[in-house]
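Each chain is listed here by its residues.
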Amino acid sequence: DGGITQSPKYLFRKEGQNVTLSCEQNLNHDAMYWYRQDPGQGLRLIYYSQIVNDFQKGDIAEGYSVSREKKESFPLTVTSAQKNPTAFYLCASSPGQGTASAFFGQGTRLTVV
Amino acid sequence: AQSVTQLDSHVSVSEGTPVLLRCNYSSSYSPSLFWYVQHPNKGLQLLLKYTSAATLVKGINGFEAEFKKSETSFHLTKPSAHMSDAAEYFCVVSGNTGFQKLVFGTGTRLLVSP
């Protein structure tokens, strides 16, 4: 079955540590996205990538980094510079052009302890 | 620039009664519009989308939405609510051409009582 896989589902991090969230898709989509979700704020775009080896900052990129070395993979690193990292993180992919809809993973809940 | 406003943060209905979730959009050009649903601690699932074809769009699980350009609205409706419809709903706008950057509303939580 085609889809997007995010792992892990739950992640705990100590303050000052970097942590990497995994996102893999087998839909052959060019575009991939990372969103952060906080209660009452909807989804905010962190980074997006239109094609392999290229990515752009979204609306709240500070304290995050990404890479896009393979079409299927778009990992997100939450660095120690992110002051309030506890949130639900969603990865999505789409063909990237026109009117096609995006597909979402099941999310990773990150908690700083 | 594009934006979406979901007019209600919470909507409560009884099972078997109609559902109306309101969404207004702003776009400087012809938009694509989507409704997504999210159950607790899950990803988002596409309910339906409008892409400049028919203005009345039918989606999954009995939901539909009507694109009204004059009112810049894209409200989501369902004739009869089911308990399983309880979830968070997001209205989303993007452009029709070029790179597809999705802009999300803040969401509406639908509560369904027996």
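Described below are features of the structure shown in this document.

1. Considering the state of the cysteines
Inspection of the entire model under this criterion finds two disulfides over all chains. Paired through a disulfide, C23 of chain A and C91 of chain A show a sulfur-sulfur distance of 1.9 Å. Judged by the sign of its S-S torsion, about -75°, the cystine formed by C23 of chain A and C91 of chain A is left-handed. With C23 of chain A in strand β3 (residues 19–25) and C91 of chain A in strand β9 (residues 87–94), the pair connects residues that are 68 residues apart, well separated along the chain. The residues C23 of chain A and C91 of chain A share a single accessibility class, namely buried. Shown here is the disulfide that connects C23 of chain B with C91 of chain B, its sulfur atoms set 2.0 Å apart. For the disulfide bridge between C23 of chain B and C91 of chain B, the dihedral angle about the S-S bond is near -70°, and by the sign convention the bridge is left-handed. Placement of the pair is C23 of chain B in strand β4 (residues 23–26) and C91 of chain B in strand β10 (residues 87–95), with a sequence separation of 68 residues. Taking relative accessible area as the criterion, C23 of chain B reaches 0% and is therefore assigned buried.

2. Some thoughts on the nonpolar core
In this structure, W35, L48, F74, L76 and Y89 of chain B are the most contacted members of the largest nonpolar core, which totals 26 residues. Looking at this core, the element that brings in the most residues is β10 of chain B, giving four residues. Leaving out residues up to four positions away in the same chain, Y89 of chain B has contacts with Q6, L21, W35, Y36, V37, L47, F63, L76, G107, T108 and L110 of chain B. Counting 20 residues, the second largest nonpolar core, distinct from the first, contains L11, A61, Y64 and V78 of chain A.

3. With respect to the pattern of salt bridges
In total, this model carries seven salt bridges over all chains according to the counting rule given. D30 of chain A is the partner of K71 of chain A in a salt bridge, and the nearest nitrogen-oxygen pair spans 3.4 Å. Taken together, the positions of K71 of chain A in the loop between β7 (64–66) and β8 (76–78) and D30 of chain A in the loop between β3 and β4 (31–37) put the pair 41 residues apart, joining distant regions of the chain. Linking D85 of chain B and K78 of chain B is a salt bridge whose minimum nitrogen-to-oxygen distance equals 2.8 Å. K78 of chain B shares its class with D85 of chain B; the two are buried. Connected via shared salt-bridge partners are R36, D38 and R44 of chain A.

4. Focus on the interface of chain A and chain B
Taken together, the 27 residues of chain A in the interface contact 22 residues of chain B. A buried area of about 2,000 Å², summed over both sides, lies between chain A and chain B, and 52% of it is on carbon and sulfur atoms. Between the two partners, chain A and chain B, sit zero salt bridges. Taken together, the links from chain A to chain B amount to three residue pairs in polar contact (both at pLDDT 80 or more). Among the residues making up the side of chain A that touches chain B, the classes are represented as eleven nonpolar, 13 polar and three charged.

About the criteria used
- Residues numbered from 1 in each chain as written.
- Chains lettered and ligands numbered in written order.
- Predicted model: local features only at pLDDT ≥ 70, side-chain atom pairs only at ≥ 80, totals over all residues.
- Heavy atoms only, no water.
- Disulfide = S-S within 2.5 Å.
- Helix = DSSP H or I, 4+ residues; strand = E, 2+ residues; numbered from the N terminus.
- Buried < 20%, exposed > 50% of the residue type's maximum accessible area, 1.4 Å probe, protein only.
- Core = buried A, V, L, I, M, F, W, Y, C linked by side-chain atoms within 4.5 Å.
- Contact = heavy atoms within 4.5 Å.
- Salt bridge = Lys/Arg side-chain N within 4 Å of Asp/Glu carboxyl O.
- Buried area = accessible area lost by both parts, 1.4 Å probe.
- Polar contact = N/O pair within 3.5 Å; in protein donor to acceptor, adjacent residues only side chain to side chain.
- Nonpolar A, V, L, I, M, F, W, Y, C, P; charged D, E, K, R; others polar.

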